[in-house]
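Working through the structure, step by step
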Amino acid sequence: MTTTLRRFILGMMCLMPLICQAQDFRQYFTEATLRIDYVFSGNVDHQEISVDELHIMPRWWGKRQRLSEVPVRGNGQVIMRSHRTGEVIYRNSFSTLFQEWLSYDEAKTTCRSFQNVFLTPMPKDTADITIELYDNRLQTMATLTHMVVPTDILIRHTGYDHVMPYETLQQAADTTRCIHIAYVAEGYQEQEMGTFLHDAHEAMEALFAHEPFKSLRDRFHIIAVKSPSADSGTSIPRLGIWRHTILQSHFDTFYSDRYLTTLNLKDLHNCLAGTPYEHIIVLVNSEQYGGGGILNSYNLSTTHHRLFKPVVVHEFGHSFAGLGDEYAYEHEQIPMYPHDVEPWEQNLTTLVDFASKWQDMVDKKTPIPTPVSSNQKTIEKRVGVFEGAGYSPKGVYRGCQDCRMRTNENPVFCPVCDRALRRLIDFYTVE
């Protein structure tokens, strides 16, 4: 066999998986989005998943390759199978506010329900959708499988008219292979939309001031959705302040002063229907400090506090990449990470399976655990195993002394988080 022929055959072998991946989407899916609304309910002892409503929306803005793969495990997954063959044709991971709530004492005595919304490409033929929820030991705690028939006349058509006005803040170099982000206005009245657009630009530039987003900026397509509220601001229950806003967001989630969320995910996706979106950043018109971020669901950040920029970037680390919080509570531990289970978050470890994390980035001479350095010049770049992360002072470790996922004062993502973010961006944008 000649060298030229051998190179040709090897080249075709390398290309074949890419060709198959490109054909997979057109083989199984139409150019539309299937939106499925669920209700997750229960308590710490029993959880249930119920289908609420199905929607079809124009265009599909998510991944078109690696359709059956996920870059991170998440606290749950949505899995679509061909009803005829049983083959997995789409999969995505997520986390939910419901599962987080299960770690609090209220879940021991009270049952609650939470809205959840997931987007998948619209299947051409009948498909089976499975939702799996995992506990903090990575075991399946609840599951539901249901059938979706594309010709079902009760699948609501949403986003084909009465689309919320939006502006494109940045166009990706290739809009068919990029990451779509939508900034959504919460607590901005109609006459405040100029302020919202200014805040959206500020949030966007704050994100792209950080690596790896700065170097990979052309892989992101960003819009700002001008969703008006009746009232200005957001609700602050501890102060007796309740605003009528389009998403009904509020502070004091789980009685934490700075935890800002919305429980109205159907309203959120109704605001976005018909726009190009996948990842969601809700900008909240408030001077209070706070926010929240949930993997492949949304993040919320207030826009008029002095720490707005580092907070919105930190929360995007949660909602986009599933990065864990790297700080710890000295006086109170939230038992979200059992010390005998390796967390799925790429920037946390319990050392149970450290080889699956950033062990390859640690110098062999670096002690484990790694002592804190007093040299400020080494803090940002020194990779080690620093105890105190995931809300636990002991038993859970982070990769660097400081990071954007640890404090608002640190100006960068540490090398461990940077690598995790790059891998995720490549997963979605590199064929």
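A brief look at the structure comes next. The structure presented is a predicted model; accordingly, all values stated were derived computationally and were not measured.

We now examine empty space enclosed by the protein. Per the stated rule, a full pass over the model turns up 3 cavities of 30 Å³ or more. The computed volume of the largest cavity comes to approximately 280 Å³. As for the largest cavity, its lining consists of 25 residues, and the residues nearest its centre are Asn92, Phe118, Leu119, Glu278 and Asn296. Of all elements in the fold, only β2 (47-58), β4 (88-94), β5 (112-123) and β12 (279-284) reach the threshold of two or more residues within the lining of the largest cavity. In terms of residue count, β4 provides more of the lining of the largest cavity than any other element does, 4 residues in total. Across the lining of the largest cavity, the residue classes tally to 13 nonpolar, 10 polar and 2 charged.

Strand pairs in the sheet, formed through backbone hydrogen bonds, run parallel or antiparallel to each other. Read from one edge to the other, the open sheet built from 6 strands follows the order β9-β11-β10-β12-β14-β13, with strand pairing classed as mixed. In this open sheet, the two strands that pair with only one neighbour each are β9 (166-170) and β13 (291-294). With strand direction ignored, the average angle separating the axes of adjacent strands in the sheet is 20°. Bridge count for β13 against strand β14 (residues 298-302) is 4 bridges, and the pairing is antiparallel. Across the sheet, residue Ile294 finds its bridge partner in β14, namely Tyr298.

Next up on the list: the layout of surface pockets. Within this model, the second largest pocket holds a volume of roughly 220 Å³. With 6 residues, the single largest contributor to the lining of the second largest pocket is helix α7 (residues 415-429). For the lining of the second largest pocket, the residue count by class is 9 nonpolar, 1 polar and 3 charged.

Another point: the packing of aromatic side chains. Throughout the structure, instances matching the rule amount to 25 aromatic pairs. Ring geometry for Phe316 against Phe320: centres 5.0 Å apart, planes inclined by 5°, an arrangement best described as stacked. Residue Phe316 and its partner Phe320 are both found in helix α5 (residues 308-321); the two are separated by 4 residues, about one turn of the helix. The exposure classification of Phe316 matches that of Phe320, with both residues buried. Their ring planes at 85° and their centres at 5.2 Å tell us that Phe427 and Tyr428 sit as a pair that is edge-to-face. Comparing Phe427 with Tyr428 shows no difference in burial state: the two are buried. Through a chain of ring-to-ring contacts, three or more aromatic side chains come together here, namely Phe208, Phe213, Phe220, Phe316, Phe320, Phe413, Phe427 and Tyr428. The ring of Tyr90 carries Lys63 above its face, with NZ or CZ at 5.3 Å from the centroid. A cation over a ring is seen here: Arg64 above Phe25, with NZ or CZ 4.7 Å from the ring centre.

This next bit is on the sheet that holds strand β3 (residues 76-82). Across the sheet, 4 strands lie side by side as β4-β3-β6-β7; this open sheet has antiparallel pairing. The open sheet is flanked by β4 and β7 (140-148), the only strands paired with a single partner. When the angles between neighbouring strand axes are averaged without regard to direction, this sheet yields 15°. Summarising the sheet, β3 and strand β6 (residues 127-134) pair through 7 bridges and their orientation is antiparallel. Note on β6: the bridge partner recorded for Gln77 is Glu132.

Quick look at helix α3 (residues 193-208) now. Between the first and last C-alpha of α3 there are 23 Å, a value that for 16 residues agrees with the 22 Å anticipated at 1.5 Å per step. Of the positions making up α3, those classed as buried are Met193, Phe196, Leu197, Asp199, Ala200, Ala203, Met204, Ala206, Leu207 and Phe208. The inward-facing, buried residues of α3 contact β9, β10 (179-186), β11 (220-225), β12 and α5.

This part is about the pattern of salt bridges. All told, the structure shown has 20 salt bridges when counted by the stated rule. Across the salt bridge formed by Glu31 and Arg64, the nearest N and O atoms sit 2.7 Å from each other. Here Glu31, found in strand β1 (residues 29-42), pairs with Arg64, found in the loop between β2 and β3; they are 33 residues apart in sequence, far enough to count as distant. Across the pair Arg419 and Asp360 runs a salt bridge, and its minimum N-O distance is 2.7 Å. Residue Arg419 is located in helix α7, and its partner Asp360 is located in the loop between α5 and α6 (376-379); the two are separated by 59 residues in the primary sequence. What emerges from the salt-bridge pattern is a single network uniting Asp52, Glu53, Arg156 and Lys266.

Criteria and thresholds
Residues numbered from 1 in each chain as written. Predicted model: local features only at pLDDT ≥ 70, side-chain atom pairs only at ≥ 80, totals over all residues. Heavy atoms only, no water. 1 Å grid on protein atoms, 1.4 Å probe; cavity = no way out; pocket = protein on both sides within 12 Å on 5 of 7 lines; lining within 4 Å. Points joined across faces, edges and corners; volume = space filled by probe spheres on them. Helix = DSSP H or I, 4+ residues; strand = E, 2+ residues; numbered from the N terminus. Nonpolar A, V, L, I, M, F, W, Y, C, P; charged D, E, K, R; others polar. Pairing = 2+ DSSP bridges. Axes fitted to C-alpha atoms, helices over the stretch in contact; angles between N-to-C directions. Phe/Tyr/Trp six-rings, centres within 6.5 Å; stacked < 30°, edge-to-face > 60°. Buried < 20%, exposed > 50% of the residue type's maximum accessible area, 1.4 Å probe, protein only. Lys NZ or Arg CZ within 6 Å of the ring centre and 35° of its normal. Expected span 1.5 Å × (residues − 1). Contact = heavy atoms within 4.5 Å. Salt bridge = Lys/Arg side-chain N within 4 Å of Asp/Glu carboxyl O.

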